[in-house]
Each structure stands twice: as structure tokens, then as C-alpha cells.
Amino acid sequence: MTAPTRRGLASLTDRPGGRRLLYGADYNPEQWSRATWREDVALMRDAHVSLVTVGVFSWSVLQPAEDTWDLDWLDEVMDLLHEHDVAVDLATPSASPPPWLTALHPETSAVDARGVRMSVGSRNHFCPSAPAYRAAALRVATTLVDRYAGHPALAMWHVGNEFGQECFCDLCAARLRRWLSARYGDVDALNDAWGTAFWSQRYRTFDEVVPPRAAPYLHNPAQLLDWRRFTSDQLLTLYREQAAVLRAGSDAPVTTNAMGFFGGVDQHSWAADLDVVSDDHYGDPQDPTSPARAALTHDLTRGVAGGAPWLLMEQAAGAVNWRPHNVPKTTAQMLQDSLRAVAHGADGVCYFQWRQSAAGAESFHSALLPHAGPDTHLHRAVRDQGRVLALLGDLVGTRVPARAALVFDWPALWAGGLPARPSDRLDVVAQLEAYHRPLWRAGVATDVVPSDADLDAYDLVVVPALPLVADRAAAAIAHVPRRGGVLLVGPFSGVQDPTTRVRTGPFPGPWTDVLGVAGEEWRPLPDAGVALRSATYGDHRAHVWSERLEARDAQVLATYDGADLAGAPAVTRRVLPGGGQAWYVSTLPDPAVLDRVVLDCAAAAGVHGPLPLVPDGVEVAQRGDLVLLLNHAGDERAVELVPGARDLLGVPVHDGVLRLPPGGAAVVAGVASAPPG
């Protein structure tokens, strides 16, 4: 995929003394006294903190009333940070409008699908369509850029926070109608796309269309999908308005923080507008699958960035406050989480937040500086992590050498979550995780890319769950095995076009020829599943889902053994004349079997990780010329390396063997890429 032109992180990471990974956190000095600020910046310097995000939720302090401004405190904070060599990612505080704005303009608060208008007292309560809100947000952005564009501490701009807000008010309804008119041109095209002949939904004019508010039964699925698209585009215009003001007055790059696979916005459609792609990720430290999920999310973020370095904007140092039972990270997990992000392409790792809040809804959310102060186990680990990251400047600007790709689209995610489908258990993200996991375990670098990406650079292309796809993208995916690559497709993929209209005829419609199969019926399974028979993978079980297929030009590798599907193909492979391969998995097999299928596809494509043997419990990833190793096991693991390999973090290597302690991490130089097989 061609990366969009962006100003990027180089202006932040390239320093007079050499390149450095960025390390930092959200910083909210408005919550503390001036005496505390001086302690903060001194401790930041000791911890090697190089970047802080300031001002995300400071609107009511910056602008206490409509015509009253107080920026003196921010002047002092910016000066202090610059004196201590800490760069500032300065935010527009538009995610949380002050109470006075709502009091003066009640229409600036969002309305939910039931018609209830949101109240102040939380955050994200704004209506993206309200002219008064947009004008106020632009006014504060203009004030900030006019005052701080030339400040030496300013390194980057940060618009809003975690976009994804919805509003169903009349103002948003009017904007929706304009958006639909621009998308479809006339109401007849809208009626055709939405299939409004069903349930007597045909519209005479765009003026009759309303947002998908509370209704007695199911909404039109095409309308729901377009509502998701509209909401993402609506928020993008809000971002663009503020970004334009910032770029007009400053050369600093502009970003906003996304949230992985969160469905609120289509990150791919936002990518060209981001100078720096950044993400927030909060893994569950007590979930053993969390490291794999984090790696997948980082691969997604790198894909949004077109392969360029990105920034982990937020993560937790210990416990969060929003789970029912908030188990904290260990300090070993904290370091591993940061190194994993770096291994998957991040040029910086930051946290929410620097100093733990003493008041408010997040006072029990962890921070780099806890309530108990700097003389604590956690803060000592924060300083240690700063020293570790300072050693890894050679990674800055390097790329992840991926020859495998997973295909993912937000419209497909939205479509997969719509109601009234054959099953709500065929979760798109869960399928991505299942197909990504064996590649992650083997250390195979994998990009997560949209369906319309340029796939020619990838020898292995995996489509785990893509229920909705455009014809042109489907044709590009079908070309992968025809040019000699390996294509692996998961169940219930390619069944709908971008309007959610089901493709008639055998499924998976766009890929029946290249896969050599033809399906006629989707069959969700009872909870017990059904047996699968396979001379290749052994007898096992199918779960959740099955499909009635005919293998027209494909080798059958597994068959169903259910009473109504006995002998029907479940897993197939077609070898094309040029040597390319096209695999189809029509069910959810046992995880160990799916792992073998994915790895067989990788082997057929000649795709492999940097080490020939990865011990159980050890995560391995390559970035540039370095290999990062993370031990998730409860005991030591011996990792075989090539002679001359060395760990930059000080783990000894004897006779080509690195002994990684439990919870340990290593960054190894001098490791040649493993030969295929």
C-alpha cells in the first residue's frame, strides 16, 4: 500500500544527539498546583521522558467563559517543559466542551437514538453538527495556534480525542441528508442502494430520510451501514476544520488518537489527513491472549500508516479504572507492551497519564507517577523503561519487513456486526485474531491492510472475515494466486457488495472460480458443533459455522461428518497452473488445526519468521535488523540464535543460546533471517 504523504515523526525523533524513540504520556498540569509542575518536569527528565500531550481536556480552564481566556498557566507549562527538553504534543480540547457552551447553546450537546439529549458532567457529549460547537472549537484552535505556533516546545498538534461520537439530532439529520445526496446523486439511486422496496421504505425525497433512531424492530441494514460511514465522515470534517487552522499557522505535524478496531471511525478513510498515525491500546493484563491481540492491533495501525512508523499515544502503566475488576500490569508486562509496539513499527510509546489524578472519574486509573509518589516500585520501573528505550534509537525510522497481509475493512466490520444475520457468533475481529495468532507465534511479520490495498508486495494474503467487499477489491484479491501468491479465505466472506446487497448465485461470489468451490447454503452449527474428517489434519470438530459446498476444481483437505453434510468439503486447496494456491476454510475448526492450516499456507508462500525455532511462550518479532524477544512463560526459556548474536539489553548469550528469564525481554542484533522451512 502506498503511504500517504505526511510530515511524520522524524521532526520529533531526530535529535542533535541522534535519533531516539519517543517516550511520554498525557500530562494534565491544570489539575495540579504550580509547585507540582516543577517536580513533574524534573522527574520527567530523570525518566527520559521526551514527549507529553498537553491540553486534551483543558477547555474550561483555557476559556472559563465565552469571552474570557486564561493561557498564562499554559505559557508557564510550555516554558518549563522546554527547559527540561520535553517536547509537547499540544491538543485542541474539543472532545469535552465546557458547561458554559452547553448553557448558552443547548443544541451543542448530542442526542442519542432515543431522543435523549446528553448532559454535561462527563466527556464526548458534543453534537458534531452544531454550528455553535464547531465555531467554538475553531476559535479555541485558532487561539492556541496563534499563541504557540512558534514556541520551541511545540512538536506536534493533537486534534480532539478518540473520535467516534454519534448524535441523532435534527442538525445531524440535515447533514446526513446532504451527505446522502452527495453520495447517491438522486433519491432513486438511494432507494436502489438501500433496497427500499422491502418493508415499504421507499423515499420520495432525501428530506424524508432520518437517522436510525429508536424503531420498533430491525433497521434497514444498508441504512445502518451508511449511518456508520456518515458518522465517520462527519467526524473527519470536524478534524479537518481544526487541522486546517493548525496547519495554516504552524509547520508541526497534526494527529489524533484512534482506538484500534473500534468501530466509531473508518481509519483507512482518515489516513491521508494524518501527518502521524497514532493509536490508544489498553490490553487486559490477566488475559493470556492479550499480547497476541495487541500485536494484531499494532499491525493494523502500521497498515493505516502505510507501513510508516506510528505512535502508541496511550496505554496503561498499571491498572485501568473501567473494567469491573482492574488487575494491574506487572512492571515486566509494562516494558513488554512498549517493546511489542516498537517491534511492530512504533517510533514512540506514551501512556495515560503522567501523574495519577487525585479527583475525577479516572482517579483510580494508573499513571507513570502514582499517588504514592516517585519512590515506588512502579515509578522506578518507569525510569528503567526510559533507560531501555534510550538504547534503541537505531530502530527509529526503520520498517517492519512484512511479506504476509491480513485484509480488513471497517465497512466489513460494521456489516459483520449488523443484526438479522445467520449468526452473531462469527465475529470479524475474533476471526482476524484466530488467523493472525499462528503467524504472530511464529514471528511472521504481517501487515493488516484494507481490501483496496496494493497486494503485489505480499506472498501470502489472508482474508479471515470480509463479509462485504467491492467488486474491484475482490478482483485484486483473486489475482493473488494467479500471480503465484497464496490466498487463504475464511468463511462467510465476499457475500455482500458495499450496499449490503447479497450477491446471488454460488458463494463466495467473487472468488468461486479462483478458489474452485461453489457454496449454496450457510449453516450455523448447534453448540456441540460437528465432526470433521481429515487425512491431512486429523479428525477434529467444526464450531459455530458450516457451509454446504461443492469442490469444483479444488482438493478437499477436510470434510464434514454431520448427518446433513456428511462428506461435504470443509477445507479446500486449489493449486493454480502458475504455482499459486487458493485455500478456503468454510468453518471454525479447532484452533490447533486452524493454526496448522495458516502455517501451511505461510510455508507454501515461503513466508517465515526471523528464527527457525521459537520456544513456547516466547514472542518474537523483527524490525529492521533487530529481533525482539518477549518471554510470557512463568519460567526461563532458551532461545537458539546464530553465533555472534548479542542482546542490546544485557541478557547474556552463550554458545548461541540466549536464556530469557520469565517476564524478560531482549533486543537482539546479529540474527540472520531464518531459511524457509
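Before reading on, note that the structure itself is shown above.
First, a word on what this report is: a plain description of the structure on this page. What you are looking at is a predicted structure, and each value in this text was computed from that prediction instead of being measured.

1. Focus on the overall build of the chain
Counting its regular elements, the chain contains 18 helices and 30 strands. Relative to the compact-globule value of 26 Å for 677 residues, the chain shows a C-alpha radius of gyration of 26 Å, a close match. Considering only residue pairs separated by 6 or more positions, the chain has 72% of its internal contacts joining residues 24 or more positions apart. When the accessible area of the chain is evaluated, it comes to approximately 26,100 Å², of which 52% is carbon and sulfur surface. Averaging the locations of the 57 positively and 78 negatively charged side chains of the chain gives two centres separated by 2 Å.

2. Here we look at the sheet that holds strand S26 (residues 637-640)
Strand order across the open sheet formed by 3 strands is S26-S29-S28, with antiparallel pairing between neighbours. Each end of this open sheet is capped by a strand with a single partner; those strands are S26 and strand S28 (653-654). Pairing analysis gives 2 bridges linking S28 to strand S29 (residues 657-660), with the strands arranged antiparallel. Among the inter-strand pairings, His654 is bridged to a residue of S29, identified as Val657.

3. Quick word on the environment of Ala475
Along the chain, Ala475 turns up in helix H16 (residues 471-482). You can call Ala475 partly exposed: its relative accessible area is 47%. Once the C-alpha coordinates of Ala475 and Trp511 are considered, the two residues, 36 residues apart in sequence, prove to be 8.1 Å apart.

4. Some details on the pairing of strand S30 (residues 665-669)
Most of S30 sits inside the fold, with 5 of its 5 residues counted as buried. Of the two faces of S30, the one lined by Ala665, Val667 and Ala669 and the one lined by Ala666 and Val668 are each fully buried. Pairing analysis gives 5 bridges linking strand S25 (residues 626-631) to S30, with the strands arranged antiparallel. Of the residues in S30, the one forming a bridge with Leu628 is Val667. Note that strand S27 (residues 646-647) and S30 share 2 bridges and pair antiparallel. Counterpart to Asp647 in the pairing with S30 is Val668.

5. Concerning the side chain of Asp299
With respect to the secondary-structure elements, Asp299 resides in helix H11 (residues 290-304). The buried category is assigned to Asp299, whose relative accessible area is 2%. Side-chain polar atoms of Asp299 contact the side chain of Arg302, separated by 2.8 Å.

6. Focus on the packing of aromatic side chains
A ring pair, where both rings are aromatic, is described by two values, the distance of the centres and the angle of the planes. Per the stated rule, a full pass over the model turns up 17 aromatic pairs. Taking 5.7 Å as the distance between ring centres and 40° as the angle between the ring planes, the aromatic pair formed by Tyr239 and Trp270 counts as tilted. Placement of the pair is Tyr239 in helix H9 (residues 221-249) and Trp270 in helix H10 (residues 267-270), with a sequence separation of 31 residues. Taking the centre distance of 5.0 Å and the plane angle of 75° together, the rings of Phe408 and Trp410 count as edge-to-face. Judged by relative accessible area, which is 1%, Phe408 ranks as buried.

7. Here's the deal with the nonpolar core
Leu81 and Leu460 are the most contacted members of the largest nonpolar core, which totals 140 residues. With residues near it in sequence (within four places) discarded, Leu81 still touches Tyr27, Val41, Met44, Val52, Val54, Val86 and Val88. Formed by 28 residues, the second largest nonpolar core is a distinct cluster that contains Ala405, Leu466, Ile477 and Leu515.

8. Quick notes on the sheet that holds S27
Judged by pairing direction, the sheet is antiparallel, and its 4 strands sit side by side in the order S24-S25-S30-S27 without closing on themselves. Unpaired on one side and paired on the other, strand S24 (618-623) and S27 mark the two borders of the sheet. The sheet contacts of helix H12 (residues 331-343) involve S24, S25 and S30, and relative to S25 the element is tilted by about 150°.

9. Re a nonpolar patch on the surface
Side chains of Phe198, Trp199, Tyr217 and Leu218 sit close together on the surface and give an oily, nonpolar patch of about 470 Å² of accessible area. Within the secondary structure layout, Leu218 lies in the loop between helix H8 (187-194) and H9.

10. Details of the environment of Phe57
When you line up the elements, Phe57 lands in the loop between strand S4 (51-54) and helix H3 (59-62). With a relative accessible area of 26%, Phe57 lands in the partly exposed category. Sequence spacing of Phe57 and Gly160 is 103 residues, and the spatial spacing of their C-alpha atoms is 8.8 Å. Aside from chain neighbours lying at most four places away, what touches Phe57 is Glu30, Ala95, Ser96, Arg123 and Asn161.

11. Considering the packing of helix H6 (residues 131-148) against H9
Two elements in contact, H6 and H9, have axes whose closest approach is 9 Å; the angle formed by their N-to-C orientations is 25°. Looking at the two axes, H6 sits roughly parallel to H9. Of the two possible hands of crossing, H6 and H9 adopt the one that is right-handed. For the pair formed by H6 and H9, the contact residues are Tyr133, Arg134, Ala137, Leu138, Ala141, Thr142 and Val145 on the first element and Gln234, Thr237, Leu238, Glu241, Gln242, Val245, Leu246 and Gly249 on the second.

12. Describing unusual backbone geometry
Note the cis peptide between Phe352 and Gln353, where omega equals 0°. By secondary structure assignment, the location of Gln353 is in the loop between strand S11 (346-351) and helix H13 (377-390). With an omega of -5°, the peptide bond between Phe507 and Pro508 qualifies as cis. Mapped onto the fold, Pro508 is located in the loop between strand S15 (486-489) and helix H17 (512-515). In this structure, Phe492 is a non-glycine residue whose phi angle is positive, near 55°. Residue placement: Phe492 occurs in the loop between S15 and H17. For Phe492, a relative accessible area of 9% gives the class buried. Its identity is not glycine, yet Thr500 carries a phi of approximately 75°, on the positive side.

13. Regarding the pattern of salt bridges
A full pass over the atoms with the stated rule returns 45 salt bridges. A salt bridge links Arg247 to Asp275, with the nearest nitrogen and oxygen atoms 3.2 Å apart. One end of the pair, Arg247, is in helix H9; the other, Asp275, is in the loop between H10 and strand S9 (278-280), and 28 residues separate them in sequence. A relative accessible area of 6% places Asp275 in the buried class. The shortest N-O distance in the salt bridge between Asp564 and Arg523 comes to 3.1 Å. Pair noted here: Asp564 is in the loop between strand S20 (555-560) and strand S21 (569-575) and Arg523 is in strand S16 (residues 517-524), with a separation of 41 residues, a long-range link.

14. Thoughts on the environment of Asn220
Relative to the helices and strands, Asn220 resides in the loop between H8 and H9. Residue class for Asn220 comes out buried when judged on its relative accessible area of 8%. Through-space distance from the C-alpha of Asn220 to that of Gly195 is 8.5 Å; in sequence the pair is 25 residues apart. Polar side-chain contacts of Asn220 include one of 2.8 Å to the side chain of Gln201.

Conventions adopted
- Residues numbered from 1 in each chain as written.
- Predicted model: local features only at pLDDT ≥ 70, side-chain atom pairs only at ≥ 80, totals over all residues.
- Heavy atoms only, no water.
- Helix = DSSP H or I, 4+ residues; strand = E, 2+ residues; numbered from the N terminus.
- Rg over C-alpha atoms; globule rule 2.2 N^0.38 Å.
- Contact = heavy atoms within 4.5 Å.
- Areas by Shrake-Rupley, 256 points an atom, 1.4 Å probe, with all protein chains shown as cover.
- Lys, Arg positive; Asp, Glu negative; His and termini not counted.
- Charge placed at Lys NZ, Arg CZ, Asp CG, Glu CD.
- Pairing = 2+ DSSP bridges.
- Buried < 20%, exposed > 50% of the residue type's maximum accessible area, 1.4 Å probe, protein only.
- Polar contact = N/O pair within 3.5 Å; in protein donor to acceptor, adjacent residues only side chain to side chain.
- Phe/Tyr/Trp six-rings, centres within 6.5 Å; stacked < 30°, edge-to-face > 60°.
- Core = buried A, V, L, I, M, F, W, Y, C linked by side-chain atoms within 4.5 Å.
- Axes fitted to C-alpha atoms, helices over the stretch in contact; angles between N-to-C directions.
- Patch = residues over 30% accessible without salt bridge, like charges linked within 9 Å, V, L, I, M, F, W, Y side chains within 5 Å.
- Salt bridge = Lys/Arg side-chain N within 4 Å of Asp/Glu carboxyl O.
- Parallel < 35°, antiparallel > 145°, perpendicular 65-115°, else oblique.
- Left-handed = near helix turned anticlockwise from the far one by under 90°.

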